[in-house]
Amino acid sequence: MEIELPHEILSLITSREKPDLKSLKEYIAGGHEWLLARHRSGASGFETVNGHTLLIDRLLQRLFLDAKNEAAARYRADEERCSIVAIGGYGRGELNPYSDIDVLFLYPSNMNCYLKSLTEGILYHLWDLGLTVGFSTRNKSDCVKIARSDLTARTALMDTRLIAGDEALYLEMQEVILKDVIGKGVDGFIRDKVKEFDARHAKYGSSVYILEPNIKEGEGGLRDIHTALWVSKARFKAGTFRQLMKKGVITPKELKFFERSMEFLFRVRNELHYHSGRKNDQMMFDYQEKIAAFMGFRDTGQRLAVEGFMRGYYIYARNISRFSRMLIKRASAGPGIGGRLLHKMIQRDIGDGFKVFHNSITVTSPLLFEKTPYLLMKAFELSRRHALPLSDFTEELIRKGLRLADDPFRRSKEVNASFLAVLNGKRGVYETLKKMHDLRFLGKFIPEFGKTFCRVQHDIYHVYTLDTHSLFTVMELRRLMEGEYEKEFPFLTNLAREIDNRPILVLAGLFHDIGKGGGRDHSEAGAEMVKEIALRMGLPEPDAAALEFLVKKHLLMAHISQRRDISDERLVLDLCREVGDPSMLKMLYLLTFADIRAVGPDVWTPWKGVLLEELYMNGAGVFDRKLTSGRIDERMAERLKEVSRILEGEVGEPYLIDYFKSLPVRYFRAGTPEVIAGHIMMFRGLKENPISISIEHHRELGFSAVTVCTLDLPGLFSRITGAMAANSVNILNAQIYTRNDGTVIDILSVSDPFGRLIDDERKWQELKNCLVSVIEGRAHVDALLTKKTRPSIIREKARPKLPAIVEVDNLVSDTYTVIEIYANDRVGLLYSITSALARLGLYIDVAKIATRGDQAADVFYVKDIFGHKIADQTKLARIKGEILKVV
């Protein structure tokens, strides 16, 4: 739709001989307000971007006229040829409210005083107006030179538009770029753009279904459309979708789709810019609800408005991704790639009504699926087996045939045998499932999984939608099975190779979160759902039972390893009894790994890997001992001998025996003989120095072990946590052991706030000094934390806030009361909690510290002053109340 600025706005720069800065500012402000009002009143996305483009066009045209007149008068020069050219998004006429304005000042030869004066006269005004301008000054040969050497510049010069000045000069430049630069290197240009396309997707999450998507650069964003247009312009010499339709490259239906998709994204991006008050393409949680309301989405009984909006966004983005890839594929398949056709014109029959043609799998008859519906699944089986993609025509037939995937189809023996053959493949299993999902076939075949399509998980922990997270879980499992993780995770890779029933483990990865969204425990709900799925698929009873168990218990090992004391032998025995056999423990371990890895790029950490592997090894050891806990005394005696050998000649046996008697069994199970020997020497040194601190780095695992030996005192652990917080040291885990002589050893696993190893020795020395100061009482933690948490003027990313939860459990441990705390994280939170526990007269022996996004999830194993669990209900209620106050 054509748009024109109102006369009262345009007159601010046209009714005067030369508008002053005040008039120019009023023009920009008035134009922005007018466009915003139209946007809020329902103007299309195209209208708004066209309006902002026109607003800047008219400004530049006026500034060019005035600057040209001034330069001519000052240098008494004849009028020289020059042009202002819009490039990039501005060149396409796609300026969103706060987009950068990219311009090229084009001259026929070298810069001179006249041309410099003209250029500066325009730029100074733009800067005074506070506009974000990207500019370059070049002659025609400069443009050719940079276009040949720089892909980004070459691409930008494909999207150009004359704003003001010499039209002939502009057309000369445009012709030489398109003919001599792009035209002579089409194949290489397309190859480079495809590489850039793939690299960009990898950078922005490799998925359409990111919970906080980048609507420009992410997969399915505007940049995908731009890339499709760039390669099409190079190959087909058509710069718009309408021109591509006229040349027969795309159909009228596809043209309509592209225009509708761009309209949706433009409208969303315009609103995002207006809400942000700046250029912004990242659709964070705090903007999504506002944009959903603006776009007309409302809460319903089944779905929140924001969930409906994001589902709509994902559908558009998915289709943009698919159609952009299709158009890029058409441009890539043209003649000339490597001096030959991209695909040889060969075909061969592969049975069941399918053939290989143009290096892809297609059908021998367009009525194949209508006549024999079970072959819908066969198409995917053959694609995986032959490692070839489905042709565009076959994919379109599958989309049209989705209605054929009805209940009899889902229960068909042939269909399910074909599906299991896909899952049992050596390669390409994840890729095939993803293609099924992209074509909406997987959700038709398994309706329970179909309900997870584009389901938003509105928390800060997850990065992807529910369906994408489930598929990524399968991808992580397959990477282990196919050996891709052999160097990074050799132990897990070897375990994956030992799995006999791979299809069941893959199904568990696909279905583990299938029960989410029903308002009840999703593991229980999912387990019930897979019963029906297994029955429908005709799975043997042992396989069905294994699948049900894995879905029902998929959180078990993560919970125990991160939230419980894994040195507690009773806990490990209970785990093994629940799992039943070593094979199931192995599968549960692999599923847990894949689930955590699939949540988001930074969720898996080496520390979580350490805990999970230790829990698995403890469980495997129990199975080796046939589910008995025995021989503790024998193992303790053996450990004493090993430590004695290490310290021979330095520490006498009576001292060692006393040391072993002074500490609980869990201490000796958790530490190696070398670590225990080191602790003994630290205690021996307390005679000369009342505080002993050691730091051991585990570089390959990304954390350090900080050990503090000293005399016990009330609130000691609280002081240590406060000193850590004041020095930006993140506590992952803590083991606290108090000896009967009044000394204590605290062992803390720590990292930086981002989960990385701290390797700055100055920082470690500062931490040691701080620890000594707070333990001795010379420094006060409250004062240190006050200094640490001074308010920042930088806007923090908004996060969903959840109510704090405190749970007290007296059943999970024989000897401790276990306190679990879930709260919004902040600097000094752990110090506040441990201080409250100290005031309540509780002694912490084990602490498990975790953070998910901005949610703290901490667990403390505590006893009272007499070394007993807390049984009194009144005191338990008081504990909960006091902790809730501080969190």
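Please refer to the structure placed before this passage.
Residues numbered from 1 in each chain as written. Predicted model: local features only at pLDDT ≥ 70, side-chain atom pairs only at ≥ 80, totals over all residues. Heavy atoms only, no water.

J.: Help me understand the sheet that holds strand 4 (residues 160-165), please; the structure alone is not making it clear to me.
T.: The pairing of strands in a sheet comes from backbone hydrogen bonds and takes either a parallel or an antiparallel form. Pairing is mixed in the open sheet, where four strands are placed in the order 3-2-1-4. Each edge of the sheet is formed by a strand with only one pairing partner; in this case those strands are strand 3 (133-139) and strand 4. Each neighbouring strand pair of the sheet contributes to a mean axis angle of 25°, computed without reference to strand direction. Each of strand 1 (83-87), strand 2 (101-107) and strand 4 is contacted by helix 3 (residues 45-75), which is oriented at about 35° to strand 4, the strand it contacts most. On the sheet, helix 6 (residues 140-149) packs against strand 2 and strand 3 and is oriented at approximately 110° with respect to strand 3. (Pairing = 2+ DSSP bridges. Helix = DSSP H or I, 4+ residues; strand = E, 2+ residues; numbered from the N terminus. Axes fitted to C-alpha atoms, helices over the stretch in contact; angles between N-to-C directions. Contact = heavy atoms within 4.5 Å.)

J.: I would appreciate a short explanation of the packing of helix 1 (residues 7-14) against helix 3 in the present structure.
T.: Helix 3 packs onto helix 1 with a crossing angle of 20° between their chain directions and a minimal axis gap of 10 Å. As the angle between them shows, helix 1 and helix 3 are arranged roughly parallel. In this structure, helix 1 crosses over helix 3, and the sense of that crossing is right-handed. Across the interface between the two elements, Leu 10, Ile 13 and Thr 14 of helix 1 pack against Arg 58, Leu 59 and Arg 62 of helix 3. (Parallel < 35°, antiparallel > 145°, perpendicular 65-115°, else oblique. Left-handed = near helix turned anticlockwise from the far one by under 90°.)

J.: Could you clarify how one ought to interpret the pairing of strand 1 in this entry?
T.: Counting buried residues in strand 1 gives five out of five residues, a clear majority hidden from the surface. What you see with strand 1 is no split at all: Ser 83, Val 85 and Ile 87 on one side and Ile 84 and Ala 86 on the other are buried throughout. With five bridges connecting them, strand 1 and strand 4 associate as antiparallel partners. Counted as the bridge partner of Ile 87 is Thr 160 from strand 4. Here strand 1 pairs with strand 2 via four bridges, running antiparallel. Each bridged residue has a counterpart across the sheet, and for Ser 83 the counterpart in strand 2 is Leu 106. (Buried < 20%, exposed > 50% of the residue type's maximum accessible area, 1.4 Å probe, protein only.)

J.: I'm lost on the pattern of salt bridges in this one. Help?
T.: Where charged atoms of side chains with opposite charge meet at close range, the side chains can pair. Scanning the model with the defined rule gives 53 salt bridges in all. One salt bridge in this structure joins Arg 81 and Asp 166, with 2.9 Å as the shortest N-O distance. Placement of the pair is Arg 81 in the loop between helix 3 and strand 1 and Asp 166 in the loop between strand 4 and helix 8 (167-182), with a sequence separation of 85 residues. By relative accessible area, Arg 81 is classed as partly exposed at 32%. With a closest N to O distance of 3.9 Å, Glu 524 and Lys 552 form a salt bridge. Taken together, the residues Glu 524 in helix 26 (residues 522-537) and Lys 552 in helix 27 (residues 541-552) connect sequence positions 28 residues apart. You can call Glu 524 partly exposed: its relative accessible area is 33%. Looking at Lys 552, the relative accessible area reads 33%, which means it is partly exposed. (Salt bridge = Lys/Arg side-chain N within 4 Å of Asp/Glu carboxyl O.)

J.: I'm lost on the packing of aromatic side chains in this one. Help?
T.: Geometrically, a pair of aromatic rings is defined through the distance of the ring centres and the angle of the planes. Counted according to the given criterion, the structure contains 36 aromatic pairs. Seen from their ring centres, Tyr 589 and Tyr 616 are 4.7 Å apart, and the 15° between their planes marks the pair as stacked. In this pair, Tyr 589 sits in helix 30 (residues 582-599) while Tyr 616 sits in helix 31 (residues 606-624), placing the two residues 27 residues apart along the sequence. Accessibility expressed as a relative area gives 2% for Tyr 589, which makes it buried. Grouping aromatic residues by their ring pairs yields a cluster made of Tyr 659, Phe 660, Tyr 667, Phe 668, Phe 683 and Tyr 737. Over the aromatic face of Tyr 655 sits the side chain of Arg 684, whose NZ or CZ is 4.9 Å from the ring centroid. Taking NZ or CZ as reference, Arg 739 lies 4.7 Å from the ring centre of Phe 683, over its face. (Phe/Tyr/Trp six-rings, centres within 6.5 Å; stacked < 30°, edge-to-face > 60°. Lys NZ or Arg CZ within 6 Å of the ring centre and 35° of its normal.)

J.: Got a minute to help me understand a nonpolar patch on the surface in this structure?
T.: Residues Tyr 124, Trp 127 and Phe 135 make up a contiguous nonpolar surface patch of roughly 330 Å² in combined accessible area. Here Tyr 124 shows up in helix 5 (residues 113-128). (Patch = residues over 30% accessible without salt bridge, like charges linked within 9 Å, V, L, I, M, F, W, Y side chains within 5 Å. Areas by Shrake-Rupley, 256 points an atom, 1.4 Å probe, with all protein chains shown as cover.)

J.: I'm lost on the sheet that holds strand 5 (residues 347-351) in this one. Help?
T.: Taken together, three strands build an open sheet; the order of strands is 5-6-7 and the sheet is antiparallel. The open sheet has two edge strands, strand 5 and strand 7 (360-363), and neither has a second partner. Strand after strand, the sheet turns through a mean of 35° between neighbouring axes, direction not considered. Pairing of strand 6 (residues 354-357) with strand 7, which is carried by four bridges, proceeds in the antiparallel orientation.

J.: Any chance you could explain the nonpolar core here in plain terms?
T.: The nonpolar side chains of a soluble globular protein tend to be buried, and buried together. Counting 110 residues, the largest nonpolar core has Phe 354, Phe 369, Phe 419, Leu 433, Phe 441 and Phe 511 as its most contacted members. Those residues within four positions of Leu 433 in sequence are excluded, and the remaining contacts are Phe 419, Leu 423, Leu 442, Leu 471, Val 474 and Val 506. Grouped together as the second largest cluster of nonpolar side chains are 69 residues, Val 144, Met 158, Phe 197 and Tyr 314 included. (Core = buried A, V, L, I, M, F, W, Y, C linked by side-chain atoms within 4.5 Å.)

J.: When you look at the environment of Leu 388 in this model, what are you seeing that I'm missing?
T.: As for its placement among the helices and strands, Leu 388 is situated in the loop between helix 16 (375-386) and helix 17 (392-400). Using a relative accessible area of 13% as the deciding quantity, one classes Leu 388 as buried. Considered as a pair, Leu 388 and Asn 359 are 29 residues apart in the sequence and their alpha carbons are 6.9 Å apart. The residues contacting Leu 388, other than those within four sequence positions of it, are Val 356, Asn 359, Ile 361 and Ser 383.

J.: Can you walk me through helix 12 (residues 252-276) in this structure?
T.: Residues that lie three or four places apart on an α-helix share one face, since the helix turns once every 3.6 residues. Over its 25 residues, helix 12 extends 36 Å from the first C-alpha to the last, a length consistent with the 36 Å expected when each residue adds 1.5 Å. In terms of residue burial, helix 12 counts as a mostly covered element, since 18 of its 25 residues are buried. (Expected span 1.5 Å × (residues − 1).)

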